[in-house]
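Chain and residue survey
Next come the chains, spelled out residue by residue.
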Amino acid sequence: MELINSLWIEKYRPKKIDDLVLDEVHRDTFSRFIEKKEIPHCLFTGPAGSGKSTVCKKLAKQLGWSFISTGTIYRALGVLTQEKKIALDDIPALESDAKELATRVSWDHQNSKLLLVA
């Protein structure tokens, strides 16, 4: 059932910023980001399911940038830690796992733009 829901979500997820249900101020702001091909430092906050990741994915895609969800990174670190049965208060082991996870994510820093969402 999870796979079916996931496919449904992706099928109907808006494809670009103009497809999102946004108030005029935010729509104009995000459209300017795309026109200028740059985004200032932004913080997207809100409850689960409010569209933070969707907005950031659409911005990144329309700008040709990479997109990384820090929430996904946290969950991946949690899975890695759980698989290795590491106690949450074992800071050195957690740091080691975080470094191991970071080495699995790489890109050309000089020629790429990256949009992170927490």
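The structure reproduced in this document is the subject of the present report. (Residues numbered from 1 in each chain as written. Predicted model: local features only at pLDDT ≥ 70, side-chain atom pairs only at ≥ 80, totals over all residues. Heavy atoms only, no water.)

A closer look at the overall build of the chain
The number of helices and strands found in the chain is 5 helices and 2 strands. The helix and strand sequence of the chain, counted from the amino end, reads α-α-α-β-α-α-β. Within the chain, contacts between residues at least 6 apart in sequence are counted, and of these 59% link residues at least 24 apart. For the chain, the exposed surface amounts to about 9100 Å²; the carbon and sulfur share of it is 57%. (Helix = DSSP H or I, 4+ residues; strand = E, 2+ residues; numbered from the N terminus. Contact = heavy atoms within 4.5 Å. Areas by Shrake-Rupley, 256 points an atom, 1.4 Å probe, with all protein chains shown as cover.)

Some thoughts on helix 4 (residues 70-83)
Across its 14 residues, helix 4 extends 20 Å between first and last C-alpha, which sits within 8% of the 20 Å expected from 1.5 Å per residue. Looking one or two residues past helix 4, K85 carries a phi angle of roughly 55 degrees, positive in sign. (Expected span 1.5 Å × (residues − 1).)

Observations regarding the packing of helix 2 (residues 24-36) against helix 3 (residues 52-63)
Across the interface, helix 2 lies against helix 3 with an axial gap of 9 Å and an inter-helix angle of 25 degrees. Taken together, the axes of helix 2 and helix 3 are roughly parallel relative to one another. The interaxial crossing formed by helix 2 with helix 3 has right-handed handedness. For the pair formed by helix 2 and helix 3, the contact residues are F30, F33 and I34 on the first element and V55, L59, Q62 and L63 on the second. Taken together, the residues of the contact of helix 2 with helix 3 sort by class into 6 nonpolar, 1 polar and no charged. (Axes fitted to C-alpha atoms, helices over the stretch in contact; angles between N-to-C directions. Parallel < 35°, antiparallel > 145°, perpendicular 65-115°, else oblique. Left-handed = near helix turned anticlockwise from the far one by under 90°. Nonpolar A, V, L, I, M, F, W, Y, C, P; charged D, E, K, R; others polar.)

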